[in-house]
Every structure is written in structure tokens, then in C-alpha cells.
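Secondary and tertiary structure notes
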Amino acid sequence: MTMTSPVTARPAARPVKALDRLSRALPKLLFIAYLTLFLAYLFLPLIIMSAATFNTSKFPTVTPWLGTTMGWFQELWNDKAMWKALWLSLGIGLAVVAFALPVGTAAALFLTSLDARARGIFYAVMVSPLLTPGVAIGIATLILWRQAGIGGGTFLIVLAQATFITAYVMLMVVARLQRFDRAQEEAALGLGASKWMIFRRVLLPFLKPALIAAAFIAFLQSFENYNTTLFVRGTDTPLTVYIATKVRTGLTPAVNALALILIALTIVTALVMELNRRRKEGGRKEG
Amino acid sequence: MTEMIKRFGPGLGGFFIALVALWIIGMVLAPNLMMLNFSLKPMLFPNDIGGPKDVYTVENYTALFGDRVHRAIFLKTVWGSGLVMLATLAITYPLAFWMAKVATIRGARAMLIALIIPFWINEVLRTLAWFIILSFNGPLNAFLLSIGLIDAPVRWQGDFGVLAGMVYAYILFMLFPIYNSISTLETAQLEAAKNLGASTWRIHRRIVIPHAKAGIATGCVFTFMLAAGSYVAPALLGSPGSRWFTEIIYNWFFEGGNWNRGAAYALVLLVLCMAVVMVTLKIFRVNLADVAK
Amino acid sequence: MSHSVELIDVEQAFGDVKAVHHFSAHIAGGEFFSILGPSGCGKTTLLRLIAGFTEPTAGRVLIGDKDMAGIPADRRPTAMIFQSLALFPLMPVWENIAFGLEARGVPKAQRRKRAEELLELIALPGYGTRMVHELSGGQRQRVAIARALAVEPQVLLLDEPLSALDLKLRQHMRAELRALQKRTGVTFIYITHDQSEALAMSDRVAVMNAGVLQQIATPQELYANPATPFTARFVGETNGIIGTVRGLEAGLATLTTAEGRFTGRAGAGLEDGERASIFIRPEAMALSRIALPNSLSARAVSLEYEGASAMLRAVSEHGQELLATVPNRQLGEAPQAGEQIWLSFQPEEALILSEKGAAA
Ligand SMILES: Nc1ncnc2c1ncn2[C@@H]1O[C@H](COP(=O)(O)OP(=O)(O)OP(=O)(O)O)[C@@H](O)[C@H]1O
Ligand SMILES: [Mg+2]
């Protein structure tokens, strides 16, 4: 078999080699195709949504393109209901952060002071709000407070959102606490510091990066929450509810203008954080 | 408890314990117990409360499984959510692996930032984007018509729209946990396996997937829970014939006016999600602490 | 003169485990006192209850003749240096040092000044604004000491503070610590599992094993006259051979062992007929090629050159491992591996200790 005459073997060799190269390159090509499709899938909808802002069409779309306009920003700017919803969402977000940050931190500290068995039980209870559908949290909160005569509204929105957002804060603080050397607390105590001073000067500064990140996440979670909010909102309308209502009752590209602004803000935030990270990393390398 | 007081003193320690109690008892346990209690009572007029009609009953639960339409919608929600979970898993696994082990650090970093942007954007807006794309005179139909794949516009809204929107909305909840867990795998292990002549398929089946199981479990639990509990996608992308379980719950509260039945339905949804969590943890042999990260 | 520390029958139990048993000691004011013992023997536990981080389950701790029961760590005249140092990573060096003053409400300008003085004392002037992670291991060590000294403690408690350093730096820091202690006059209670460290620095050393105090003595005394078999084996190298006491006379005792009969000094409380071991330091062993009184027959295994001398390892026909120091000037006549030799010693240089109490 190996003794094939070179004369016949040579012409056959070329296509085989090309095929071989193709089959070796194929996985790579397939992967590039997959990656392209994935990114298109992820970003095209956002791009189309944003682009529709500039179309004069009354219904937001890019097909057909009826003409370019900046008018929808103007309409958004003049929409009083939008402003009201935005301020409400910002206020709710801040209130949720103000609640979830101390409670989540307390919960994390509480967990680390338990023995392994009790910790397992409390941990399960504390993370359970993350594994429960948002609608169930909203409904349970609504039912409980109705017994006390308090109906849906901003107060219940904050409470219901904080129920699960606190769990996020708790997890982030626990992660940071795992790297804390408890001997630092004893050292401070041995130097005569009060419990309060130890907390303020030693533990809190250590937790600070985690708390900043947690505040950011908590705010974001609150700001974009819809499912839980829907059930406890009463007649109050935060931004997400406002958008969803618009979709059903009279969507115009003004909503797209809002989406575009939020997307732009997100991009800027992400880039600022990344630059910040790079700067810090660069600084560390030099130091 | 005493440890908290000892560590932070009676003032600060007591304050912390009070905060934790407020959260766990007042916001996690009490509402759920009240919901359970509520779901076991018939709907009553205020003057019947405490009267002879105020008795415990499982009627609200039997009603769900007795009603053919509701039962069908519930089952559809279960398998639809399962489908979303599997679709996101299949779509994201290769990318997660590539980002964690194949791409350069810069490449992976850039990809991560690119992905974080849609992740941070509101679920409602993400669904709105699909609402626009899938609309009858929207870009998707226009595109398909122009390349001649269809002759007349297709009505995408309905079950297809709902599932497509959910996959889009929750895909990153699958990608990030898997990416995180694969990143902790030593590259040397992969090289060793390759060196020993293992095929790509075998390397994934025997090394990468077992290592990433906590991440996969996390992704599965979250995407399932989010899909089953989703309200935006079905409300915006569905059609009258494609109702989701959360929409029925919503109707009991704000249109049907039977909160007790709504509470029972919500509890069924909650139990379903808890069951999925348990089963997933069992299948992947991981514990809760690995999942909640 | 700084405060003395008195431990009276102190005991510490964690559940069923007793980490410290009936520990009594008197540590004089201004003394450099070391506690030496193997890992896990309860050293840190003992130090923590002197510092007041834990209360002993029984017994009393007196500092400067004052009973410390119920007085928490922040109100005791002690300062502790931790095994991990526990410096505050997010504060600059000077704030670390001045932390105890801050706790006492000293104004900032004064704190800053005091920190500079202490930096001077530990030979790190101008390092005040550095962060902890910008210091070397030895510098961190010194900052931890300055931080503890800033509160002007009567008693400084040091938990193996040198264990994380490399050998050279460790030896350098020993001398510095000792000098610092002399200069400040503060009572030092120093914990270590490294016997050479304890011997080199201390006025007196307490040897501890499995929570039980073995002996308190000066370094010389500890080496020459260990009180228990544990101390004999733990402090320095030794040859220990177990047997039965057969005859006690004028401070000397005779021990019959599998290796033969030997005579040595009788340890305190040794009784005729009991189980005991004879301990001979390697430098007390003389090498010969003929049998002498008090000698053991053995086969040479190896010779390890150590610079100032060499260590001969040998094994007897019953499998007992033996060590003997060979001075450099005798290296020429040192036996070859496998050669049959005799190791002998003077009775005054051997010590016979009862094995009875060893279990306690
Ligand atoms: N909080 C505790 N709970 C239970 N057991 C403990 C506790 N602290 C110490 N122990 C036990 O007490 C014994 C003595 O511990 P200790 O830390 O005092 O040892 P050590 O001599 O300092 O050791 P090392 O040289 O390794 O630091 C050990 O067996 C340890 O397991
Ligand atoms: Mg220790």
C-alpha cells in the first residue's frame, strides 16, 4: 500500500492536503461564525432600538425609515409623567441602598459569628430571596402589609425590593470578610480601642470597596426591577413600570430616546469603571 | 448571638442583631408564612373574617389543577422555562470556555465589558428591543421579506416571541457563572489531558464540565427561576393565546380580585422554583454556598 | 520597674480539650521571659489569657500584683504582638503606631510626634507615611513592636513574632529585640517553638508540653539540668536511653538498659527500681576504639560536617540511634561509615530522669 507509484500519488495529494487544511481550520471558522452571531444577537436589538429614536415614524421601528429627526428627545423632555417616574425610581433606589447596605453588612457579620451548623441554616434562609421569583416576593410583601392596613405604594416597593437586594449585599460583604484577619480586631482591642472605634477604623475601611460595589449593584437592581415592583406599586409608577405601560398604551420613539440615554449612561459607566481598574492596576505595578 | 455582642459590644452588636432580625423575620419569613396562611383560606368579605366561613381549605390549590386551562399554562411555563434554561446553556457554554481559557487576557477583558453593558440594561428595555424587532411591520419581517425567505409578514408574537425574548433577557445569567467557574480551572490540566491524547469532547466531558459544575448549576437555577417568574416578556411579546403562569397570578390579584387564589398560585410557583433548586443541587452534587456567589 | 506577672494555677479548657493545665509561674518586672514548646502545646492560649482576650476557666492572673479577673483586654496594662502581626493594612505606618493613642483620645499633632519618636526608636525614621505593604518583613516586625510600645505597656506579649522571617533576619531581630527590651525595661513574655531563640534571648525560659508546664529555668540551667525527659529531649540534641534504676548512691544512680549498665547523676526525686532514662549530650560523648567504663558499642552511620564541629551518627546493635560531636581537631581520626566503635561518657555529664511523671 505504501508502495504507490509517486507518479499517481502526487496529483491526488494536493486536494487531500487542501481538505485537510480546511478540516483543521473548520472549528476555528465555525467558532468565529458563532462569536459573530452571538455578538450580533446581543447588540443588534439594542442598536435597532436606539436607532429607532431618530426615525420620524410614530411607531418605533427602523423599517421603513420615514425620515431622520431629533424630535423624540424633545417629546421625552416634555413628558411630565416620565420625569415623575424617573425621580421616583431614583428615590426608591437610594432608599433601598440606604436600607440594604447596613442590613446586608450586619447579616454578613452575623453569619461569620455563627458555628458551621447554624451558619448553614441562616445562610439558606438569607439567600432564599435570591432564588425566589420576584413576583412571589412582591405578593408576599403585599399580603403581609395589607393585614396592617398598608397598601401598595412607594413604601412597599422599597421594602419588597430590599428583601432580596439585601441578600446581594450580604453575599458581597461575606466574600470580602473571608479575607479579613480577625487578629486585627484583637490587636486594636489590646491597644485600648473601643468596640465602636474598632468597627469604624479597622473593619469598615476594610469593607469599603465591597460596600461601594454593593451600593452600586443594589441601586442598579432596584432601578431596573419590574417583577417585584409590579405587585406592590399600588398606583405609584416607577420608571420600569412607566416604560412597560407605555408599550401597551401608546408606544412612541420617545421611549426609545429614553432607552438610548440609559444605554449611553451604562456604556459610560462601564468604561469609566474599566479605566479606573486599569489605572489602579497600572499604579500597583509601578509601586 | 453572644459572639456578636462580644465582638461589637452591646450597642453596636445589638443593633446589628436587630437589623438581621428585622430582615429575616419581618421581610423573609413573615411575608411568606402570611402568604401560605392566606392561600389556605377561601376568599371572604371583610365581615366574614373570623366567622364560620373562615376555615382552612386546600380549595385554592385544587382549583389550579382542576382548571384545564390553568393547568396547561402551568405546565407550559415549566417546560418553557426548562427550554430557556437549556437554550441559554447551549448558546453560552462555548463562549464561556473561550473567554476563560482560549482568549488572550485583553480579549477576554474586552468581551467582558461588552457583555456587561446589555447585562446592566433593564430587563424591560431588553424586552422592548425584541418587541420592536418582532413587531408585524418590524425589521425582522422586513429583512426576511427582502431576502425572499418569506412571502408575507409573520406574526412572531406568541410563544415564540416569549421564549426568544426570555433567552435574550436571561442569557448573561448563564454566561457569567459558567465563565467564572471555568476561569478557576488550571490551564495546565487541559494541556495535560491533551498531552495524554484526550479528544476535545473528552476533555470537556471529563475535565471542564465537572470543574464548572457549580457555575453551570448556578446558571441553570437562575435562568429557570427568572424565566418561570418573568412577567415582562410574556406581557410584551406574548399573544392572547400564549399566556404565562405569572400573568394568571397577576390577574387574580388585579383583575379577578381573588387574592387568596393568587397567593396559592404564587406559592405553587415558589415551590416549583425551590424544587428546581434542590434537584439541580442534587444532580450537580453542589451545595447552596457554591451556587449563591 | 515595670509590672510583674503572676500566674496561679491557671487552666484553660475548650470543651473537653484542656489547652492549659494548672500553670503557675512568677515573671519578674523587667524580665525577658520565654515560653517554649512544640506547636499546639497551648502557648498562644496562655498568652491570650494574660492579654485578656479570654478568661481562664480556672486560676488567677495577676499583673503588677493586681487580679485581672473580669478586666477586658483593652483595660489591661499589656500589649500583644500577634503571630500574624495584624498590622492595619489600610493605614499608613504612623497611624498604625499611633492607633492606641488615638483610642485614648490623644490629639493628632501629639500622636504624630509620638509616632515619629517611636519610628526613631525602631530605626525607621521617615517611614511614617508609607503603607504597610510597602515595608519588608523585618520592618513590619518593628512597626508592630512600635505600635505595641506606643501605649506604654507594662508587659509586652509576643507570639512567635519572628517565625515568618528568614534565618538571617531572625538572628538579627533577636539581638534587636533583646536590646529594645533592655532599653525600655518593659517586661517581655515571648513565645516561641524555636529553642535556640529562647536560649539566646531570655532571662528565663518556661518549657511547656501538651498544656503542662515542664520547667522554669535560666537557659544555662535548662540545658545542663533539664527537669523532665521532655525538656531534655526538646532543648538541644541529646542521647536518651531507657532502662530501670538499680542503685542510688551519693547523687549518682545506676541504670540497667538493653545497651548495658550506666552510671550518671540522679535527677530530683528519682527512686530505686523505677523506669527512667539516661540523657547524654552529644558533646559529652567520647569516641574510642576500645571498651571503657560507661560506654556503648555502636556502628558508625554517617558524619555530618557542621562547620565548628561534626556530628557523628551511629547505631547500637539493639537499634538505638546515637549522636556524638566530633571536634574539628579529631576529624582526622573519625571513623568510617560501617566501622565498629565505642562511645563513652563521664557519669557527671549524664543525667538520669524518671519517666514516671512524663505522661502527666
Ligand atoms: N478557640 C479554640 N477552641 C478549641 N480549641 C482550641 C482553641 N484555641 C486553641 N485550641 C486548641 O488548644 C491547643 C493549643 O493551641 P495554641 O494555639 O495555644 O497552640 P500553640 O502552642 O500556640 O501552637 P503554635 O505554635 O502552632 O501556634 C490546640 O490543640 C488547639 O487546637
Ligand atoms: Mg500559637
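Values in this document were obtained by computation on a predicted structure and should not be read as measured data. (Residues numbered from 1 in each chain as written. Chains lettered and ligands numbered in written order. Predicted model: local features only at pLDDT ≥ 70, side-chain atom pairs only at ≥ 80, totals over all residues. Heavy atoms only, no water.)

The next point concerns the side chain of Thr78(C). In this fold, Thr78(C) is placed in strand E6 (residues 78-81). Filtering out sequence-adjacent residues up to four positions away, Thr78(C) remains in contact with Gly190(A), Ile50(C), Ala51(C), Ile63(C), Pro153(C), Val155(C) and Leu157(C). (Helix = DSSP H or I, 4+ residues; strand = E, 2+ residues; numbered from the N terminus. Contact = heavy atoms within 4.5 Å.)

Close contact between helix H3 (residues 80-112) of chain A and helix H1 (residues 2-39) of chain B brings their axes to 8 Å; oriented N to C, the two are set at 115°. Between H3(A) and H1(B), the crossing angle belongs to the class labelled roughly perpendicular. H1(B) is crossed by H3(A), and the crossing has left-handed handedness. Counting all contacts with H3(A), which are made through Phe99(A), Pro102(A), Val103(A), Ala106(A), Ala107(A), Leu109(A), Phe110(A) and Thr112(A), the residues of H1(B) involved are Met4(B), Arg7(B), Phe8(B), Phe16(B), Leu19(B), Val20(B), Leu22(B), Trp23(B) and Met27(B). In terms of residue class, the contact of H3(A) with H1(B) is built from 15 nonpolar, one polar and one charged. (Axes fitted to C-alpha atoms, helices over the stretch in contact; angles between N-to-C directions. Parallel < 35°, antiparallel > 145°, perpendicular 65-115°, else oblique. Left-handed = near helix turned anticlockwise from the far one by under 90°. Nonpolar A, V, L, I, M, F, W, Y, C, P; charged D, E, K, R; others polar.)

This part takes up the site of ligand 1. All names here are of chain C. For ligand 1, the full set of nearby residues is Phe-14, Ala-19, Ser-39, Gly-40, Cys-41, Gly-42, Lys-43, Thr-44, Thr-45, Gln-83 and Glu-160. Within the side chain of Ser-39, one N or O atom sits 2.5 Å away from an oxygen atom of ligand 1. A distance of 3.1 Å separates an oxygen atom of ligand 1 from a polar atom in the side chain of Gln-83. In isolation ligand 1 offers 630 Å² of accessible surface; the protein chains occlude 58% of this area. Looking at the shell around ligand 1 element by element, the count peaks at three residues for helix H1 (residues 43-51). (Near = heavy atom within 4 Å. Polar contact = N/O pair within 3.5 Å; in protein donor to acceptor, adjacent residues only side chain to side chain. Areas by Shrake-Rupley, 256 points an atom, 1.4 Å probe, with all protein chains shown as cover.)

When pLDDT is averaged along chain A, the result is 88, and 92% of the positions lie at 70 or above. Within the model, the stretch residues 1-12 of chain A combines pLDDT values under 50 with zero contacts to residues more than four positions away or in other chains. (pLDDT = per-residue confidence, 0-100.)

Below, the discussion takes up the interface of chain C and chain A. In this complex, chain C contributes 22 residues to the contact, which on the side of chain A involves 17 residues. Where chain C touches chain A, the interface holds three salt bridges. With its nearest N and O atoms 2.5 Å apart, the salt bridge here joins Glu186(A) to Arg48(C). Contributions of two or more residues to the side of chain C that touches chain A are made by helix H3 (99-103) and helix H5 (137-150) of chain C. Class assignment for the residues of the side of chain C that touches chain A results in 13 nonpolar, three polar and six charged. (Salt bridge = Lys/Arg side-chain N within 4 Å of Asp/Glu carboxyl O.)

In this section: the sheet that holds strand E18 (residues 321-327) of chain C. Two pairing modes exist for strands in a sheet, parallel and antiparallel, and in both the strands are linked by backbone hydrogen bonds. Residue and element names in this part refer to chain C. Read across the sheet, five strands follow the order E15-E19-E16-E17-E18 without closing on themselves; strand pairing throughout is antiparallel. Every other strand in the sheet has two partners, leaving strand E15 (286-288) and E18 as the edge strands with one partner each. Put simply, the sheet's adjacent strands are angled 45° from each other on average, direction ignored. Of the strand pairs in this sheet, strand E16 (residues 295-305) and strand E19 (residues 340-344) are connected by five bridges, and their pairing is antiparallel. Looking across to E19, one finds that Ser-295 is bridged to Ser-344. (Pairing = 2+ DSSP bridges.)

Residue and element names in this part refer to chain A. Taking 1.5 Å per residue, 16 residues should reach 22 Å; helix H4 (residues 116-131) reaches 22 Å between its end C-alpha atoms and fits that length. At Val-125, H4 shows its maximal kink, close to 25°; a proline, Pro-129, follows between one and four residues later. Along H4, the residues classified as buried are Tyr-123, Met-126, Val-127, Ser-128, Pro-129, Leu-130 and Leu-131. (Expected span 1.5 Å × (residues − 1). Bend = angle between axes of the 7 residues up to and from the residue. Buried < 20%, exposed > 50% of the residue type's maximum accessible area, 1.4 Å probe, protein only.)

A separate point is the packing of helix H7 (residues 183-190) of chain A against helix H8 (residues 195-224) of chain A. Residue and element names in this part refer to chain A. Two numbers describe how H7 lies on H8: the axes approach to 10 Å, and their chain directions differ by 130°. Considering the angle they form, H7 stands oblique to H8. Once H7 is placed against H8, the crossing between them reads as right-handed. On H8, the residues that touch Gln-184, Glu-185, Ala-188 and Leu-189 of H7 are Lys-195, Ile-198, Val-202 and Leu-203.

Before going further, it helps to examine the interface of chain B and chain A. Contacts between chain B and chain A engage 85 residues on the former and 87 residues on the latter. Area buried by chain B at its contact with chain A is led by Arg7(B), Trp23(B) and Trp120(B), which between them contribute 12% of it. Inspection of the region where chain B meets chain A yields three salt bridges. Among the salt bridges present, the one from Glu3(B) reaches Arg182(A), with a minimum N-O distance of 3.3 Å. There are 12 residue pairs in polar contact (both at pLDDT 80 or more) connecting chain B and chain A. The biggest single contributor to the side of chain B that touches chain A is H1(B), with 23 residues. When the residues that make up the side of chain B that touches chain A are grouped by side-chain class, the tally is 67 nonpolar, 11 polar and seven charged. (Buried area = accessible area lost by both parts, 1.4 Å probe.)

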